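Spelled out, the chains give:
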Amino acid sequence: MHILSGGGMNMKKGTWKPYVWMIALTEAVGGLAGWLTRNGVKSYASVRKSSLTPPAALFPAVWSALFALMGVGAARVWLAPPSPERTRGLRLFALQLIVNFFWSPLFFNLRAFGFAFLWLVLLWALILLMIFSYRKVDKIAAWLQVPYLLWVTFAGYLNFTTWLLNR
């Protein structure tokens, strides 16, 4: 099954544009957050962390893939027929993207590890609500968000551990 076509059907003319825009938007938000926190990320190397913390080089690759999946899911919902659930899903997409953006400065620049953990719990809840909302509009869009939810769950563990180890 082709992710962009929704089951192997040919895409209508011009329906590729929302995919480009949504992926570009999510990648831009992630890129801006990364750029704004680049110095904080460098100093994070000296912070005590969980032994399960992956190598630093893994994070940009994982986040790039997750932002792409997020963009594909949002585009699929955008292309669905108008409905209250479509509107709710897109609003949740925007809200969780904003919350996602602010986690990095809280964690890396301000080193507010405890508050960043609570912020991440909010993000996790918003992702879950987005998945449930997407599911009512486009099941593939919902499933595309599951890796994101799983990664944020793992990030929550890492954030919480960092907070405990550096209090």
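Nothing here was measured: the structure is a model prediction, and the numbers come from that model. Each chain has its residues counted from 1, running along the sequence as written. Totals for whole chains, interfaces and linings use every residue, but because this is a predicted model, local features are given only for residues with pLDDT of at least 70 and side-chain atom pairs only at 80 or more, for both listing and counting. Side-chain figures throughout are based on the complete set of non-hydrogen atoms in the structure, without hydrogens or water.

Here's the deal with the environment of Phe-67
Part 1 of the reasoning: For Phe-67, the location among the structural elements is in helix H3 (residues 58-79).
Part 2 of the reasoning: Only protein chains enter the calculation, and the probe is 1.4 Å; a residue is then buried if its accessible area is under 20% of its type maximum, exposed if over 50%, and partly exposed in between. For Phe-67, a relative accessible area of 5% translates into the label buried.
Part 3 of the reasoning: C-alpha separation for the pair Phe-67 and Trp-78, spaced 11 residues apart in sequence, amounts to 16 Å. Strands here mean DSSP runs of E at least two residues long; helices mean DSSP runs of H or I at least four residues long; both are numbered from the N terminus.

Things to note about the environment of Leu-95
Part 1 of the reasoning: Take Leu-95: it is sitting in helix H4 (residues 84-109).
Part 2 of the reasoning: For Leu-95, a relative accessible area of 41% puts it in the partly exposed group.
Part 3 of the reasoning: Between the C-alpha atom of Leu-95 and that of Phe-160, which follows or precedes it by 65 residues, the distance is 23 Å.

Looking at unusual backbone geometry
Part 1 of the reasoning: Backbone geometry places Arg-111, a non-glycine residue, at a positive phi of 55 degrees.
Part 2 of the reasoning: Relative to the elements of secondary structure, Arg-111 occurs in the loop between H4 and helix H5 (113-137).
Part 3 of the reasoning: The exposure class assigned to Arg-111 is partly exposed, which follows from its relative accessible area of 35%.

Notes on the packing of H4 against helix H7 (residues 146-165)
Part 1 of the reasoning: Note on definitions: angles span 0 to 180 degrees between N-to-C directions of axes, and those axes are lines fitted to C-alpha atoms, for helices only across the stretch in contact. Following both chains from N to C, one finds H4 and H7 inclined at 25 degrees, their axes separated by 13 Å at the closest point. When the axis of H4 is compared with that of H7, the two are roughly parallel. The interaxial crossing formed by H4 with H7 has left-handed handedness. Contact with H4, carried on its side by Gln-96, Asn-100, Trp-103 and Phe-107, involves Tyr-148, Asn-159 and Thr-162 of H7 and no other residues of that element.
Part 2 of the reasoning: Only Asp, Glu, Lys and Arg are considered charged in this grouping, and only Ala, Val, Leu, Ile, Met, Phe, Trp, Tyr, Cys and Pro are considered nonpolar; every other residue, Gly among them, is considered polar. Here the residues of the contact of H4 with H7 are counted per class, giving 3 nonpolar, 4 polar and no charged. In these notes the angle categories are as follows: under 35 degrees is roughly parallel, over 145 is roughly antiparallel, 65 to 115 is roughly perpendicular, and the rest is oblique. By definition, any crossing whose near helix is turned counterclockwise from its far helix by less than a right angle is left-handed, and any crossing with a clockwise turn is right-handed. The contact criterion used is simple: two residues touch if any of their non-hydrogen atoms lie within 4.5 Å.

Re H4
Part 1 of the reasoning: The first and last C-alpha atoms of H4 sit 38 Å apart over 26 residues, in line with the 38 Å expected at 1.5 Å per residue.
Part 2 of the reasoning: Residue Arg-111 follows H4 closely and has a positive phi angle near 55 degrees. The span you would expect from a helix comes to 1.5 Å times its residue count less one.

Focus on the packing of aromatic side chains
Part 1 of the reasoning: Each aromatic pair joins two rings of Phe, Tyr and Trp (for Trp, the six-membered one) with centres within 6.5 Å, and gets the label stacked for planes under 30 degrees apart, edge-to-face for over 60, and tilted for any other angle. Per the stated rule, a full pass over the model turns up 15 aromatic pairs.
Part 2 of the reasoning: Here Phe-107 and Phe-108 contribute two aromatic rings whose centre-to-centre distance is 4.9 Å and whose plane-to-plane angle is 85 degrees, an arrangement assigned as edge-to-face. For the pair Phe-107 and Phe-108, one class covers both residues: buried.
Part 3 of the reasoning: In textbook terms, an aromatic cluster arises when at least three aromatic residues are bridged by ring pairs, as seen for Tyr-44, Trp-103, Phe-107, Phe-108 and Phe-113.
Part 4 of the reasoning: Working rule: Lys NZ or Arg CZ, within 6 Å of ring centre, within 35 degrees of ring normal, means a charge sits over the ring. Just above the ring of Trp-35 sits the side chain of Arg-38; from NZ or CZ to the centre is 4.3 Å.
Part 5 of the reasoning: Of note, Arg-86 hangs over the ring of Trp-78, and the distance from its end group to the ring centre comes to 5.2 Å.

No statement about biological role is implied by the geometric values presented.
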